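Chain by chain, the residues:
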Amino acid sequence: MPARLSDAFKSHPLNLQLKHPDFSSLQELPDSYAWSQNDDQYPSSPGSFGAEQDSVPVIDLSDPNALKLTGHACRTWGVFQVTNHGIPSKLLDDIESAGRSLFSLPVQQKLKAARSPDGISGYGFARISSFFQKLMWSEGFTIVGSPLEHFRQLWPQDYNKFCNIIEEYEKVMKRLAGRLMWLMLGSLGISMEDVKWAGPKGDFRDASAALQLNSYPACPDPDRAMGLAAHTDSTLLTILYQNNTSGLQVLREGTGWVTVPPLPGALVVNVGDLIHILSNGLYPSVLHRAVVNRSRHRLSIAYLYGPPASVQISPLSKLLGPSQPPLYRPITWNEYLGTKAKHFNNALSSVLLCAPLNALVDVSDHNSVKVG
Ligand SMILES: C=C1C[C@]23C[C@H]1CC[C@H]2[C@@]12CCC[C@@](C)(C(=O)O1)[C@H]2[C@@H]3C(=O)O
Ligand SMILES: O=C(O)CCC(=O)C(=O)O
Ligand SMILES: [Fe+2]
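For clarity, every value in this text was computed on a predicted model and none was experimentally measured.

Reading the values: the criteria
Residues numbered from 1 in each chain as written. Chains lettered and ligands numbered in written order. Predicted model: local features only at pLDDT ≥ 70, side-chain atom pairs only at ≥ 80, totals over all residues. Heavy atoms only, no water. Helix = DSSP H or I, 4+ residues; strand = E, 2+ residues; numbered from the N terminus. Buried < 20%, exposed > 50% of the residue type's maximum accessible area, 1.4 Å probe, protein only. Contact = heavy atoms within 4.5 Å. Core = buried A, V, L, I, M, F, W, Y, C linked by side-chain atoms within 4.5 Å. Pairing = 2+ DSSP bridges. Axes fitted to C-alpha atoms, helices over the stretch in contact; angles between N-to-C directions. Donors = N, O, S within 2.8 Å, 3.2 Å for Na, K, Ca; no water. Near = heavy atom within 4 Å. Polar contact = N/O pair within 3.5 Å; in protein donor to acceptor, adjacent residues only side chain to side chain. Areas by Shrake-Rupley, 256 points an atom, 1.4 Å probe, with all protein chains shown as cover. Nonpolar A, V, L, I, M, F, W, Y, C, P; charged D, E, K, R; others polar. pLDDT = per-residue confidence, 0-100. Phe/Tyr/Trp six-rings, centres within 6.5 Å; stacked < 30°, edge-to-face > 60°.

In this section: the environment of Ser246. With respect to the element layout, Ser246 can be found in the loop between strand 7 (237-242) and strand 8 (248-252). For Ser246, a relative accessible area of 38% gives the class partly exposed. In this structure the C-alpha to C-alpha distance between Ser246 and Leu213, which are 33 residues apart in sequence, comes to 16 Å. Apart from residues lying up to four places away in sequence, Ser246 is in contact with Thr259, Pro262 and Arg298.

In structure tokens, the structure reads:
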């Protein structure tokens, strides 16, 4: 029986089944949602006001320099936005309205499609909620494999229409993700023969993925609430569509939290932990979070892209040499998700092989490998 992404959490069930609130009925922030500095170990936003030059790179995929620009963005930021990506704006509108329709269903209806404690798909709080004392001001819906059964529960009449949108969205995102993989890896001098699991056509045919719909309702006390706590994605890369409301922030060394502004038609691409491992730390995964605001409902749709579930991911041999020993041990995607479920933001260091001394210090501004 080959490994399946949907089984990733079978041996890591979540013990807390949280009660789901009706956000719109809350006029005040309940204490269970009020975060203080201690609830999040990361610096709060000093911001980068006016620092025009310190903004997340935007890459036009039709630019002849896209390969170089992508490599540079991955080394220095771990995140960038792409334009001219070829995803039809109608499809982005459709997935946004599907998300809107889902989250505006009555709580009782949404709970019919609740994620089970050891499952990956369904409605609920973000999985990482279990690592925090306070609740996050958000709800999510995760799709791995067919959403048919859950959608039948949510929309007994219209489930087909929504299934078709998801299917189409996953199809085009898979293609874009493969293209982005080659821009990222190509920039490191990696080609098809170096990545056997990319398949005979190099199209990452057997890649797996999860689709995460995130909803952040308007919040009566946004400065004390957290939409989605700081994390890195346990993926090769993540392609994020955000509606016209800002909230995504990335942690930039030396600057603090930098907002990734929604640009009409653009998509955000994050470097995930598995590219961090593949690139032997040359492309560090980016720590990011979502904040909320007082007046606007925010939606985001994350396409979480990973390798075929049973492939062992390890630093690419072309990137290794006598002075570049492998920093990480081989690990499959499922195994990594299990590690994340146990160690959360220390998952990457738990895969670290004995660290050479020069990896413990900053070797350059942004290429440092953090331990612990
Ligand atoms: C394939 C994935 C990646 C997961 C777990 C599993 C399905 C849902 C993903 C997310 C989506 C929301 C943030 C995150 C941190 C979470 O809580 O659930 C992600 C997590 C990860 O990137 O670790
Ligand atoms: O909503 C956002 O902007 C971030 C979502 C995210 O980080 C995720 O789904 O992994
Ligand atoms: Fe994320």
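For the rest of this paragraph, the subject is the nonpolar core. Judged by nonpolar contacts, the single largest core of 93 residues is most densely connected at Phe141, Phe151 and Leu180. At 14 residues, helix 5 (residues 159-186) tops the list of elements feeding residues into this core. If we skip the residues at most four places from it in the chain, Leu180 touches Leu61, Phe80, Val82, Leu237, Ile239 and Val269. In this structure, Tyr33, Ala34, Trp137 and Cys219 belong to the second largest nonpolar core, which totals 21 residues.

On to the sheet that holds strand 5 (residues 208-216), then. Hydrogen bonds between backbone atoms are what pair the strands of a sheet, whose relative direction is either parallel or antiparallel. If you trace the eight strands from one edge of the open sheet to the other, you get 1-2-10-7-12-5-4-3, paired in mixed fashion. Of all strands in the sheet, those with a lone pairing partner are strand 1 (58-60) and strand 3 (122-124), marking the two edges. This sheet shows a mean twist of 25° between the axes of neighbouring strands, independent of strand direction. Relative to strand 4 (residues 139-143), strand 3 runs antiparallel, the two being bridged by three bridges. By the bridge assignment for strand 4, Gly124 is matched with Gly140. Helix 1 (residues 66-76) rests against strand 1, strand 2 (79-83) and strand 10 (267-271) of the sheet, and its axis sits at about 160° to strand 1.

Any two of four tetrahedral donors ideally make an angle of 109.5 degrees at the metal, while pairs among six octahedral donors ideally make 90 or 180 degrees. Around the iron ion (ligand 3), the protein contributes the donor atoms His231 (NE2), Asp233 (OD) and His288 (NE2), at 2.1 to 2.2 Å from the metal centre. Sequence positions of the donors to the iron ion (ligand 3) reduce to the motif H-x1-D-x54-H. Here the residue Asp233 occupies a position in the loop between strand 6 (228-231) and strand 7, and His288 occupies one in strand 11 (residues 288-290), the gap between them amounting to 55 residues. On the basis of relative accessible area, His288 is assigned to the buried category, the value being 5%.

Before going further, it helps to examine the site of ligand 2. As a structural note, the neighbourhood of ligand 2 is formed by Gln212, Asn214, Tyr216, Leu228, His231, Asp233, Leu240, Leu248, His288, Arg298, Ser300 and Ala302. Between His231 and ligand 2, the recorded distance is 3.2 Å, taken from a side-chain N or O atom to an oxygen atom. Contacts to ligand 2 include Asp233, whose side-chain N or O atom sits 3.3 Å from an oxygen atom. Protein chains bury 95% of the 290 Å² of accessible surface belonging to ligand 2 in isolation. Of all the elements in the fold, those that place two or more residues in the shell around ligand 2 are strand 5, strand 6 and strand 12 (298-306).

In this section: the side chain of Ser138. Here Ser138 lies in the loop between strand 3 and strand 4. From its side chain, Ser138 meets the backbone oxygen of Gly227 in a polar contact 2.7 Å long. Ser138 has contacts with Phe23, Phe125, Ser215, Tyr216, Pro217 and Gly227, leaving out every residue within four places of it along the chain.

Time to look at the site of ligand 1. The environment of ligand 1 is formed by 15 residues, the closest being Arg127, Ile128, Gln212, Asp233 and Ser234. Between ligand 1 and Ile128, the relevant distance is 3.2 Å, taken from an oxygen atom to a main-chain nitrogen or oxygen of the residue. The protein chains hide 95% of the 450 Å² of surface that ligand 1 would expose on its own. Ranked by residues supplied to the shell around ligand 1, first place goes to helix 7 (residues 333-343) with three residues. A breakdown of the residues in the shell around ligand 1 according to their chemical character gives eight nonpolar, four polar and three charged.

Here we take up unusual backbone geometry. You will see that Asn84, though not glycine, has its phi angle at about 50°, which is positive. Looking at where Asn84 falls in the secondary structure, it is placed in the loop between strand 2 and helix 2 (89-103). Positive phi values are uncommon outside glycine, yet Asn280 reaches one of about 55°. Mapping Asn280 onto the fold places it in the loop between helix 6 (273-278) and strand 11. Take Asn280: its relative accessible area is 9%, and that puts it in the buried class.

For the rest of this paragraph, the subject is the confidence of the model for the protein. Per-residue confidence for the protein gives a mean pLDDT of 91; residues scoring 70 or more make up 90%. Here helix 9 (residues 357-360) stands out as the least confident element of the protein, with mean pLDDT 55; strand 7 is the most confident, with 99. Confidence over residues 362-372 falls short of pLDDT 50; this stretch has 24 contacts with residues more than four positions distant or in other chains. The complex model carries a pTM of 0.93, and its ipTM stands at 0.99.

With that settled, consider the packing of aromatic side chains. Within this structure, the stated rule accounts for twelve aromatic pairs. For the ring pair Phe23 and Trp137, a centre distance of 4.7 Å and an interplane angle of 65° mean the geometry is edge-to-face. Taken together, the residues span a long stretch of sequence, with Phe23 in the segment before strand 1 and Trp137 in the loop between strand 3 and strand 4 at a distance of 114 residues. Just as Phe23 is buried, Trp137 falls in that class too. Note on Phe131 and Phe344: the rings are 4.8 Å apart at their centroids and 15° apart in plane angle, and the pair reads as stacked. You can see Phe131 sitting in the loop between strand 3 and strand 4 and its partner Phe344 sitting in the loop between helix 7 and helix 8 (347-351), a full 213 residues away along the chain. The structure contains a cluster of three or more aromatic residues connected by ring pairs, namely Trp35, Phe131, Phe132 and Phe344.

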